[in-house]
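These are the residues of each chain, in order.
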Amino acid sequence: MKSFAWLMCGALLLGCGGRPSAWDKSFTPASGNSGVSAAYGLTGSVAVIDQGLGRATMLRSPSALNLSAESFDLGRDLANAQVSPDRQSLFLLSRGVQPQRNPGDEPPKLMIIDGGVNPSVKQTYTLDEALDQLAIDPDNQWAVVYGGSGLVVNENELLFVDLTKPSSDPTAVAPKTLRSFGQSPDRLTFTEPLAIPGSGSHRLLIVERDQDIALVDLVNPTGDEVTVPLPSADNGSMGSSAQVAYGQDDTAGVFIGVRVTGSSSVFLLQLGTPEKGEAFSVVTNEVDVGGFPSTIDFVRTSQGLRLIALVGTNAVLVDPVTAISATATMPAPFTGIRRITAALDPQAVTTDTDIALLYGSNTTQIAYFTLGGAPGALYRSIEASDIGVAVQDVIDVPGDEFHDRKILETPSQEFFVLDLTTRQTAPMRTTTGLTLDVSPDGERVWAYQPGSPGFATVDFAKLHPVSLVAERDVNSVFEINAANGAQNAIALHFGSGYQGGIGATVVDVSNPSTATARFFSGFEFGGI
């Protein structure tokens with residue numbers, strides 16, 4: 001009887017306008033233009049960002065074709081959200097209440113959500129400044145926060161968040177101001193461990209700014225960094241960094257190459273024995289490569305480590321020690337290069353020479369650049385193949401099963417699955433340009449056109465495509481692991497009007513079919 005009375009009281013409250021105000025806030029997905037996207041796919045869950053209610057709705061699968069939801073507060077004024085490279089964690093950077101008027105006003109913070117099959121908040125680091133840019137270390141050791149928009153902003157300040165320390169540790173967040181000739185950072189690059197001669201192994205953070213390059217030693221990020229001003233462009237104007245690359249070998253040491261805007265020269269930095277108490281010394285050089293390079297990288301050849309710069313139909317190979325260059329003529333004006341040595345044999349600890357994949361947006365050819373050969377030879381071969389369409393990007397495939405596969409993304413209505421071992425390409429023609437997402441286990445790729453009901457999957461084992469049509473337009477598709485070991489694909493639907501809110505179509509990955517798919521809706525009301 002008491003329960004019945006309680007329910008009646010609740011019904012009367014709702015009928016008399018006493019329902020929570022959150023029911024009247026419509027779900028508006030984030031556009032992605034402000035550093036925040038509408039949804040993020042992780043290994044065991046999908047995060048839907050509901051900025052109207054200030055929360056992340058985590059969709060998880062208890063079992064095949066099942067879906068449940070749990071919501072976590074985002075923090076006030078979400079500025080940036082990113083998924084870790086391994087898709088295990090979601091990083092949420094919020095500005096908090098600005099300006100803070102009361103002691104209880106929420107401060108800026110960086111929250112980390114575990115994106116497994118049982119989502120949870122792993123850590124929440126409180127910050128004392130509202131910042132809006134975020135860089136995540138691929139090794140999950142550091143997060144770097146920078147780039148504020150307050151009344152007074154230190155453009156050269158970086159906040160280093162040590163992800164190996166709990167948020168309760170007062171040393172977990174450490175500020176650092178860079179000595180600078182330029183302004184706020186454009187890009188941050190975390191390097192692999194580098195064996196610097198006379199200094200041991202170091203991981204570096206390479207900070208690109210409009211007038212200089214800063215090198216921060218991640219062994220001691222709050223220590224003195226090394227700042228190197230960039231050379232001018234060919235017309236005498238200020239040069240800025242368009243790209244950085246790094247490489248090392250046992251003989252030549254560690255080098256960083258910088259492609260400078262408007263310059264036909266590549267700026268080289270050689271890291272060596274430390275001087276004056278620094279972690280390492282830097283010797284700089286400029287190498288003219290005969291034109292504006294479209295891209296640069298470091299490769300291992302039979303002659304040792306070389307910087308490669310693609311300039312028109314020339315591949316210019318530069319000895320970083322002597323700055324002497326040699327030119328290989330390419331069969332087409334390739335603009336992109338991807339080292340594929342490790343993809344061909346991930347078990348190989350070291351190899352003497354590299355193989356690179358050449359591609360470009362202005363040619364229908366791809367090529368395999370084998371940099372080995374007889375002692376003293378510049379390279380062994382450049383073997384070209386015409387696939388009939390330009391390639392704008394190369395997507396890596398994670399995991400061990402299909403390590404030798406790449407996805408060739410084209411500007412036309414098709415994409416290719418490339419088998420590096422057999423050097424065969426399988427074209428996947430589509431009715432329209434598609435957005436591609438490789439599954440976390442690296443066994444298939446999902447394709448969809450945002451705003452239309454169709455989506456599809458192609459498994460790498462058989463190259464068999466399965467096309468599906470949902471009942472509503474699809475905004476994104478993610479594959480996640482279910483709690484019982486199954487795998488589900490989640491097609492998200494963000495509607496408007498009478499079909500508004502958050503919906504999802506769940507497909508069993510082992511048997512992708514709309515005949516067995518299940519539709520769920522109303523997640524925007526969860527927890528209200």
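Everything quoted here is computed from the prediction, not taken from an experiment. (Residues numbered from 1 in each chain as written. Predicted model: local features only at pLDDT ≥ 70, side-chain atom pairs only at ≥ 80, totals over all residues. Heavy atoms only, no water.)

## Observations concerning the overall build of the protein chain
Broken down by element type, the protein chain carries 2 helices and 42 strands. Counting only C-alpha atoms and orienting by the principal axes, one finds that the protein chain spans roughly 90 × 55 × 40 Å. Out of the 528 residues in the protein chain, the part that is buried amounts to 49%. Carbon and sulfur atoms make up 48% of the accessible area of the protein chain, which totals about 23,600 Å². Positive and negative charge centroids in the protein chain, built from 32 and 57 side chains respectively, lie 6 Å apart. (Helix = DSSP H or I, 4+ residues; strand = E, 2+ residues; numbered from the N terminus. Buried < 20%, exposed > 50% of the residue type's maximum accessible area, 1.4 Å probe, protein only. Areas by Shrake-Rupley, 256 points an atom, 1.4 Å probe, with all protein chains shown as cover. Lys, Arg positive; Asp, Glu negative; His and termini not counted. Charge placed at Lys NZ, Arg CZ, Asp CG, Glu CD.)

## Observations concerning the sheet that holds strand S23 (residues 295–301)
Ordered by their spatial adjacency, 4 strands build an open sheet running S23-S24-S25-S26, and the pairing between neighbours is antiparallel. At either end of the open sheet lies a strand with only one pairing partner, and these are S23 and strand S26 (325–329). The sheet shows a mean angle of 30° between the axes of neighbouring strands, direction not considered. (Pairing = 2+ DSSP bridges. Axes fitted to C-alpha atoms, helices over the stretch in contact; angles between N-to-C directions.)

## Here we look at the confidence of the model for the protein chain
Across the protein chain, the average pLDDT comes to 89, with 91% of residues at or above 70. The weakest mean pLDDT in the protein chain belongs to helix H1 (residues 2–15) at 39; the strongest belongs to strand S25 (residues 314–318) at 98. In this model, residues 1–15 is a region of pLDDT below 50 whose contacts with residues beyond four sequence positions or in other chains number 4 contacts. (pLDDT = per-residue confidence, 0-100. Contact = heavy atoms within 4.5 Å.)

## Let's talk about the environment of Ser89
Within the element layout of this structure, Ser89 appears in strand S6 (residues 89–94). For Ser89, a relative accessible area of 5% translates into the label buried. On a C-alpha basis, the gap between Ser89 and Arg60 in space is 14 Å, while along the polypeptide they are 29 residues apart. The residues touching Ser89, leaving out its near neighbours within four places in the chain, are Leu42, Gln82, Val83, Ser84, Ile112, Ile113, Gly115 and Lys122.

## Remarks on the packing of aromatic side chains
Any pair of aromatic rings gets described here by the distance separating the centres and the angle formed by the planes. In this structure the tally under the stated criterion is 4 aromatic pairs. A centroid spacing of 6.0 Å and a plane angle of 90° characterise the contact between Trp142 and Phe160, whose relative ring orientation is edge-to-face. Here the residue Trp142 occupies a position in strand S10 (residues 142–148), and Phe160 occupies one in strand S11 (residues 157–162), the gap between them amounting to 18 residues. When sorted by exposure, Trp142 lands in the same class as Phe160, which is buried. Summarising the aromatic geometry, the rings of Phe369 and Tyr379 are spaced 5.3 Å apart at their centres and angled 80° between planes, so their arrangement reads as edge-to-face. With a gap of 10 residues between them, Phe369 in strand S29 (residues 365–370) and Tyr379 in the loop between S29 and strand S30 (381–386) connect regions that are remote in the sequence. Given the relative accessible area of 26%, Tyr379 is considered partly exposed. Sitting above the plane of the Tyr368 ring, Arg423 keeps its charged end 4.3 Å from the centroid. (Phe/Tyr/Trp six-rings, centres within 6.5 Å; stacked < 30°, edge-to-face > 60°. Lys NZ or Arg CZ within 6 Å of the ring centre and 35° of its normal.)

## Some thoughts on the side chain of Thr43
Mapped onto the elements, Thr43 comes out in the loop between strand S1 (39–41) and strand S2 (45–50). Among residues more than four places away in sequence, those in contact with Thr43 are Asp86, Arg87, Gln88, Gly115, Gly116, Ile480 and Asn481.

## What about the pattern of salt bridges?
The tally for this structure, following the rule as stated, stands at 22 salt bridges. Between Arg339 and Asp297 there is a salt bridge whose closest N-O contact spans 3.3 Å. Within this pair, whereas Arg339 is found in strand S27 (residues 336–339), its partner Asp297 is found in strand S23, the two being separated by 42 residues in sequence. For Asp297, a relative accessible area of 11% puts it in the buried group. The shortest N-O distance in the salt bridge between Arg444 and Glu443 comes to 3.4 Å. Relative accessible area serves as the criterion here: at 10%, Arg444 is assigned to the buried category. Put simply, Asp441, Glu443, Arg444 and Glu479 are held in one network by salt bridges that share partners. (Salt bridge = Lys/Arg side-chain N within 4 Å of Asp/Glu carboxyl O.)

## Structural notes on the side chain of Asp419
Structurally, the position occupied by Asp419 is in strand S33 (residues 414–419). Classification of Asp419 as buried rests on a relative accessible area of 14%. Ignoring sequence-local partners within four residues, the contact set of Asp419 consists of Asp404, Arg405 and Gln424.

## Some points on the sheet that holds strand S3 (residues 55–60)
Taken together, the 4 strands give an open sheet; going across it, the order is S1-S2-S3-S4, and neighbouring strands pair in antiparallel fashion. Each having just a single partner strand, S1 and strand S4 (68–73) make up the two edges of the open sheet. The sheet shows a mean angle of 20° between the axes of neighbouring strands, taken without regard to direction. Relative to S3, S2 runs antiparallel, the two being bridged by 6 bridges. When the bridges of S3 are listed, Val46 appears paired with Leu59.

## Notes on the pairing of strand S13 (residues 187–190)
By the alternation rule, side chains of S13 split into Leu188 and Phe190, which are all buried, and Arg187 and Thr189, of which none is buried. Pairing between S13 and strand S16 (residues 204–208): 4 bridges, direction antiparallel. What sits directly across from Phe190, in S16, is Leu205.

## Quick word on the environment of Ser94
Among the secondary structure elements, Ser94 is positioned in strand S6. For Ser94, a relative accessible area of 1% gives the class buried. Along the primary structure Ser94 and Asn80 are separated by 14 residues, whereas in three dimensions their C-alpha atoms are 7.0 Å apart. Apart from residues lying up to four places away in sequence, Ser94 is in contact with Leu74, Gly75, Arg76, Asp77, Leu78, Ala79, Glu106, Pro108 and Lys109.

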